[in-house]
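Inside the fold
What follows is each chain in one-letter form.
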Amino acid sequence: MIASTPPMGWNSWNTFGPNIDENLILETADALVETGLRDAGYRYLVVDDVWMAPERKNGLLVPDPERFSMGIGPLVQEVHDRGLLFGIYSSAGTHTCEDLPASYGFEQVDADTFAEWEVDFLKYDFCHTAAGADPVALYRRMGQALRATGRDILYSICEWGANQPWEWASSVGAHMWRTTEDIVDSWESVSRLGFELQTDLHPYAGPGHWNDPDMLVVGMHGKGHVGRTGLTDAEYRSHFALWCLLASPLMIGCDVRSMDDATRHLLLDESLIAINQDPLGRQGYRASSHGHTHGETWAKALADGSWAVGIFNRTERPGEFLTVGWELFGLKVDTAATVHNLSTGRIDHGVVASFGTRVDSHDVHVLRITPERT
Ligand code: GLA
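Residues numbered from 1 in each chain as written. Predicted model: local features only at pLDDT ≥ 70, side-chain atom pairs only at ≥ 80, totals over all residues. Heavy atoms only, no water.

So, on to the side chain of threonine 180. Within the element layout of this structure, threonine 180 appears in the loop between β6 (176-178) and α7 (187-196). Residue classification places threonine 180 among the buried residues on the basis of a relative accessible area of 1%. (Helix = DSSP H or I, 4+ residues; strand = E, 2+ residues; numbered from the N terminus. Buried < 20%, exposed > 50% of the residue type's maximum accessible area, 1.4 Å probe, protein only.)

The following block contains the structure:
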């Protein structure tokens, strides 16, 4: 099955925007391997907008001849040779968001081109569609075209959550769908997209079909096309933990050739990745909230019967004492549980009713709570 767990990889857009070329892609591929990110699961290397030449050639999309002089097929082979998968980008309209040729009216031709290049992933945008165009019909067209190629191509759709895609995207063949506008490298954006806009979306996600609150900004530190001032390390930790609990696709958006230690450490956190990639495929939900003035708890059921629980301090107050009660995720209050605090490494056995911990401002503690057998 394609995307039986949330897709993981890297996408060029957040940091590089239109400034992409084959050297960047090859250096990024090498960095994904050398840093261990590939082996941690980040396998899709996705080239976003602005890879194509300004005009079609003989009716076909072709890459920019200067920036991608080797051609996409050979570039895909290089990426495959490094044990990675290759993703590409187009739009359901006549042009991409950066005004380059896109796939409206050329769906099968373009899907065949991508398949011939041995592409493994298509991100399909919604710019330059006709006013009043039916998004479901447009996305179904490309979904059918991809299927008709006979190649396994992960289909990632991007209409910014404008038409409730969670209700229809999987029926047009999509494996993930954006639920939000574009993320930017600020705590306000991460909070809005991650905490606010994901409310109530958990029933729609599952193996093969995922809500997508957009790419990670972890480690960008304000360096990027859409960059703002960046987040603090605590805020990046909350962002990554929340995307893991949301069973969101984990598409890295920073420059992986030059990550600082905190970024590398966070993106390679095996215990958080295991929560994201848990085979049960449940998306976490907000189990409790005291509003912006306090903390909030997000909970995700895991295949082994345990719960992943994120306790977030969204206040400005340092060291806020926040508790989580068993009733929030349906455990009887007298159930004894082992609480593994993944953020501190501490393990407590025989905990009943609730667990409390001090969490710094804009930071998170992620717990793995496992009911003990009696
Ligand atoms: C849209 C998408 C972004 C990115 C750009 C590229 O804004 O939402 O993720 O792909 O287009 O132009």
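A few words on helix α2 (residues 22-34). Compared with the 18 Å implied by 1.5 Å per residue over 13 residues, the 18 Å span of α2 between its first and last C-alpha is a close match. Those residues of α2 that fall on the buried side of the exposure criterion are Glu22, Leu24, Ile25, Leu26, Thr28, Ala29, Ala31 and Leu32. In the core, the buried residues of α2 are packed alongside β1 (8-11), α1 (13-16), α3 (37-40), β2 (44-46), α4 (72-81) and β3 (85-91). Between a side-chain oxygen at the N-terminus of α2 and the backbone nitrogen of asparagine 23 the separation is 3.1 Å; the capping residue is aspartate 21. Following α2 by one or two positions, glycine 36 has its phi on the positive side, about 90°. (Expected span 1.5 Å × (residues − 1). Contact = heavy atoms within 4.5 Å. Polar contact = N/O pair within 3.5 Å; in protein donor to acceptor, adjacent residues only side chain to side chain.)

Bringing the packing of α2 against α4 into the picture now. Axis separation between α2 and α4 bottoms out at 10 Å; the angle between their running directions is 15°. One element, α2, and the other, α4, form an angle in the roughly parallel class. Classified by chirality, the crossing of α4 by α2 is right-handed. Here α2 contributes Glu22, Ile25 and Leu26 to the contact with α4, which in turn contributes Leu75, Glu78 and Val79. Here the residues of the contact of α2 with α4 are counted per class, giving four nonpolar, no polar and two charged. (Axes fitted to C-alpha atoms, helices over the stretch in contact; angles between N-to-C directions. Parallel < 35°, antiparallel > 145°, perpendicular 65-115°, else oblique. Left-handed = near helix turned anticlockwise from the far one by under 90°. Nonpolar A, V, L, I, M, F, W, Y, C, P; charged D, E, K, R; others polar.)

Moving on: the domain arrangement of the protein chain. Domain assignment breaks the protein chain into domain 1 (8-276) and domain 2 (285-371). Taken over C-alpha atoms, the centre of domain 1 sits 31 Å from the centre of domain 2. Each side of the interface is counted separately: domain 1 has 22 residues, and domain 2 has 19 residues. Across the interface of domain 1 and domain 2, roughly 1600 Å² is buried in total on both sides, 65% from carbon and sulfur atoms. Of all residues in domain 1, the largest losses of buried area upon contact with domain 2 belong to Phe195, Leu245 and Ile275, amounting jointly to 38% of the total for that side. Linking domain 1 to domain 2 there are three salt bridges. A salt bridge links arginine 314 to glutamate 196; its shortest N-O distance comes to 3.0 Å. Summed over the shared surface of domain 1 and domain 2, the number is nine residue pairs in polar contact (both at pLDDT 80 or more). Looking at the side of domain 1 that touches domain 2, its residues break down into eleven nonpolar, eight polar and three charged. (Domains from an automatic or database assignment. Buried area = accessible area lost by both parts, 1.4 Å probe. Salt bridge = Lys/Arg side-chain N within 4 Å of Asp/Glu carboxyl O.)

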